[in-house]
Amino acid sequence: MGWRLNLLPRYLVEFRSKRIIHRFTDVLVIGGGLAGLRAALACDSRLDVLVATKDKIRQSNSNYAQGGIATVIDPADRLEWHIRDTLIAGANLCDYDVVKMVVEKGPRCIHELIEMGAQFDQADGDLTLGREGGHSHNRIIHALGDATGQEIMRAVINRTKSAENISILEDTFTIDLLTDEDSCCGAIVSRNQQLQMIWAKQTILATGGAGQVYRETTNPPVATADGHALAIRAGVTTRDMEFMQFHPTVLYIAGGSRSLITEAVRGEGAFLIDRDGYRFMPGYDARAELAPRDIVSQAIVAQMEKTHHPNVYLDLSHLDSRHIRQRFPGILKTCAEFGIDITQDRIPVRPGAHYMIGGVVVDTQSRTSLQNLWAAGEVTSSGLHGANRLASNSLLEGLVYGVLAGEGASAAALEDPLPNVLRPLEYRHFRSTRLELDLADIRNSLKSLMWRAVGVRRNAGELAAAAETLVAWQRLFLTQPQWTQLGWELQNMLTVSELMIVAAQMRTESRGVHFRQDFPETASEWRRFICFRGNTPSLSPILGEQPNLSVP
Ligand SMILES: Cc1cc2nc3c(=O)[nH]c(=O)nc-3n(C[C@H](O)[C@H](O)[C@H](O)COP(=O)(O)OP(=O)(O)OC[C@H]3O[C@@H](n4cnc5c(N)ncnc54)[C@H](O)[C@@H]3O)c2cc1C
């Protein structure tokens, strides 16, 4: 198709296996968020399981989740309605079988979390069910009001720490997957400023999202797309890289925190108003503030342009202030730090990168295209979200695929009775001399470039210019060996940004979260995936028709 992608090094570091520290395990889990820990817990207790996470175990997107988990618990709700809502949000690009499987497994996953000690909000002994954009029924289970992630991670971390067969290695940065004879045999990591090889019979990738490639994001600093990039370098198939979901309402105070203001706030009846106090959403969509996220994000950007203002506002002043205080204690506290009383004052918000839909392709067992490598959670593209994720479906996906990956990897490891062998791997690549580069400057420039060119609205001119700039930065930076986490993260961000730009250029239509100003319509011939094997793009076959399901 004429797309030219830069040649990537296979590994970001040089090594010789004879001169390095080695560890051995049955199952290596890379990432300690919900998907990774749920995978570790699903492994057979006879196996040695090692969870490597680059920061403290609490640092993950999972821990920051606010709104909750979508699942069909209310007897008046139906699995078919949740399936249908997911398919509608996914803009005709979901894999129906995956959606059905995940939705059906949902209630059991919640039950398991409760068994682990997670305490969800209740009223009169029943779970309280919230409503979010795109859902036709109240089905969002939440905890501590708006700190669902914190509570479920508390329960899952406690359970993991008490499992004798699972060890957690914090502050352990995975640089690359180790591969030999077309199969994955572990990973090379940096720990205490030393390289180590972790040899594993089976490896599970659960490194989460990529929000940090954007200037405006809800994601914590760990979300630098490492897992996506190391999979690309290992030749693992990825897909949907053009689909980054933007959350419409991120607190915007220049120089201040970019905290998410959960969709549940709009679910409770908050209005979106512009600088003049005008409630603009009904003019853009009949569902008003509860329209899907892509529509709300685009409407906000349009209204910001119209009013020449850097943000719009959330207005809760007409709602019962006592209820708001109880329901959203976290948001109340964060906003209060900036002198905003959410029950009376307007909250300044604008969109920010929130959820990476694209990632490593997994089948319905959680297997990737690389032998002995499994993946789960936000780093994957399972087919659940299509071109747009339905609110609160991602924690659910992490739970379902975490279990699948853990069970699958565990069964495969048990079938292999031989002890791990150390293979004589080595890698020499970098020739260029080391330049003194300002990593923070390149990182900030990249984040601004991505926000401008591959943000809520895209067009051919901006994308082409961004691609040119990016290739120049890559030539400079991907050819340089790095010795720090900051350097490797930046190399990963540059690698993943390129695929995001190329995929956004290729998809000459608007669908779900991908909005092209120069191709505003959805085109039926684009009902297909853009896949990358390594960094070479190809198109996958069109999916089968999706059934029509009735909804109330
Ligand atoms: C503010 C916010 C609110 C959200 N609210 C909701 C919600 O209400 N409902 C919902 O369904 N979803 C929500 N989401 C999305 C959801 O939280 C995530 O999609 C989900 O938690 C991802 O889980 P995960 O386990 O795949 O990744 P994460 O939870 O991000 O975990 C990734 C793990 O990998 C580790 N890691 C990354 N790179 C490396 C590396 N190189 N080496 C070693 N370790 C590495 C990280 O340190 C981390 O431990 C929200 C997201 C955010 C940011």
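Residues numbered from 1 in each chain as written. Predicted model: local features only at pLDDT ≥ 70, side-chain atom pairs only at ≥ 80, totals over all residues. Heavy atoms only, no water.

Novice: Tell me about the overall build of the chain, and please be specific about residues and values.
Specialist: Each helix and strand in the chain was counted, giving 14 helices and 23 strands. The C-alpha radius of gyration of the chain comes to 22 Å, within 12% of the 24 Å expected for a compact globule of 552 residues. In terms of its C-alpha atoms, the chain occupies a principal-axis envelope of roughly 70 × 55 × 50 Å. The buried share of the chain, reckoned over its 552 residues, is 62%. Looking at the chain alone, contacts between residues at least 24 apart form 74% of all its contacts between residues at least 6 apart. Summed over its atoms, the accessible surface of the chain is roughly 21,300 Å², and 48% of this surface lies on carbon and sulfur atoms. When the 57 basic and 63 acidic side-chain charges of the chain are each reduced to a single mean position, those positions are 4 Å apart. (Helix = DSSP H or I, 4+ residues; strand = E, 2+ residues; numbered from the N terminus. Rg over C-alpha atoms; globule rule 2.2 N^0.38 Å. Buried < 20%, exposed > 50% of the residue type's maximum accessible area, 1.4 Å probe, protein only. Contact = heavy atoms within 4.5 Å. Areas by Shrake-Rupley, 256 points an atom, 1.4 Å probe, with all protein chains shown as cover. Lys, Arg positive; Asp, Glu negative; His and termini not counted. Charge placed at Lys NZ, Arg CZ, Asp CG, Glu CD.)

Novice: An account of helix α5 (residues 148-161) is requested, with residue identities and associated values reported.
Specialist: Taking 1.5 Å per residue, 14 residues should reach 20 Å; α5 reaches 20 Å between its end C-alpha atoms and fits that length. T148, G149, E151, I152, M153, A155, V156, I157 and T160 are the residues of α5 that are buried. (Expected span 1.5 Å × (residues − 1).)

Novice: How would you explain the site of the ligand if you had to name every residue and give the values?
Specialist: Taken together, 37 residues sit near the ligand, with S62, G67, G68, E378 and S394 positioned nearest. Take L34: an N or O atom from its main chain is 3.2 Å from an oxygen atom of the ligand. One of the backbone nitrogen or oxygen atoms of A206 is found 3.5 Å away from an oxygen atom of the ligand. Protein contact buries 98% of the 1,000 Å² of open area that the ligand shows by itself. Only α1 (34-42), α2 (61-64), β10 (172-180), β17 (347-356) and α11 (394-414) provide two or more residues apiece to the shell around the ligand. Considered class by class, the residues forming the shell around the ligand number eleven nonpolar, 22 polar and four charged. (Near = heavy atom within 4 Å. Polar contact = N/O pair within 3.5 Å; in protein donor to acceptor, adjacent residues only side chain to side chain. Nonpolar A, V, L, I, M, F, W, Y, C, P; charged D, E, K, R; others polar.)

Novice: Pulling in residues and values, what's your account of empty space enclosed by the protein?
Specialist: With the rule as written, the count across this model stands at two cavities of 30 Å³ or more. Approximately 50 Å³ is the volume found for the largest cavity. A89, G133, G134, Q245, E263, P292, R293, N388, R389, L390 and A391 are the residues that line the largest cavity. Its residues assigned to classes, the lining of the largest cavity shows four nonpolar, four polar and three charged. Its volume calculated, the second largest cavity comes out at about 50 Å³. Taken together, Q245, F246, R293, D294, S297, Q298, V456 and V513 make up the full set of residues lining the second largest cavity. Listing elements by their share of the lining of the second largest cavity, those giving two or more residues are β14 (244-251) and α8 (293-307). The dominant element in the lining of the second largest cavity, judged by the number of residues it contributes, is α8, at four residues. Its residues assigned to classes, the lining of the second largest cavity shows three nonpolar, three polar and two charged. (1 Å grid on protein atoms, 1.4 Å probe; cavity = no way out; pocket = protein on both sides within 12 Å on 5 of 7 lines; lining within 4 Å. Points joined across faces, edges and corners; volume = space filled by probe spheres on them.)

Novice: Give a detailed account of the packing of α1 against α5, specifying residues and quantitative values.
Specialist: Orientation of α1 relative to α5, taken along the N-to-C sense of each, is 35°, at an axis distance of 10 Å. In the crossing of α1 with α5, the sense of the turn from one axis to the other is left-handed. Residues L34, L37 and L41 of α1 form the contact with α5, whose own contacting residues are I152, M153, V156, I157, R159 and T160. Along the lines of polarity and charge, the residues of the contact of α1 with α5 split into seven nonpolar, one polar and one charged. (Axes fitted to C-alpha atoms, helices over the stretch in contact; angles between N-to-C directions. Left-handed = near helix turned anticlockwise from the far one by under 90°.)

Novice: Describe in detail the pattern of salt bridges, supporting the description with residues and values.
Specialist: This model, assessed by the stated rule, comprises 31 salt bridges. The closest approach of N and O atoms between K100 and E104, which form a salt bridge, is 3.0 Å. You can see K100 and its partner E104 sitting in helix α4 (residues 96-115), four residues apart, about one turn around the helix. Residue K100 is classed as partly exposed on the basis of its relative accessible area of 31%. One connected set of salt bridges, linked through shared partners, spans K54, D226, R443 and E489. (Salt bridge = Lys/Arg side-chain N within 4 Å of Asp/Glu carboxyl O.)

Novice: Any details on the side chain of R233? Residues and values, ideally.
Specialist: Here R233 shows up in helix α6 (residues 226-233). Only 3.1 Å separates the side chain of R233 from the backbone oxygen of I175, close enough to count as a polar contact. The residues contacting R233, other than those within four sequence positions of it, are L8, P9, R10, L12, I175, D176, N492 and T495.

Novice: So what's going on with the environment of D97? Which residues, and what values?
Specialist: Along the chain, D97 falls in helix α4. Note on D97: relative accessible area 53%, which makes it exposed. Sequence separation between D97 and V213 is 116 residues; the distance between their C-alpha atoms is 31 Å.

Novice: So, unusual backbone geometry: which residues are in play, and what are the values?
Specialist: In this structure, E181 takes a positive phi of about 45° despite not being glycine. For E181, the location among the structural elements is in the loop between β10 and β11 (183-191). Of note in the backbone geometry, D240 takes a positive phi value of approximately 65° without being a glycine. Checked against the element boundaries, D240 lands in the loop between β13 (237-239) and β14.

So yeah, pure geometry; function would need other evidence.
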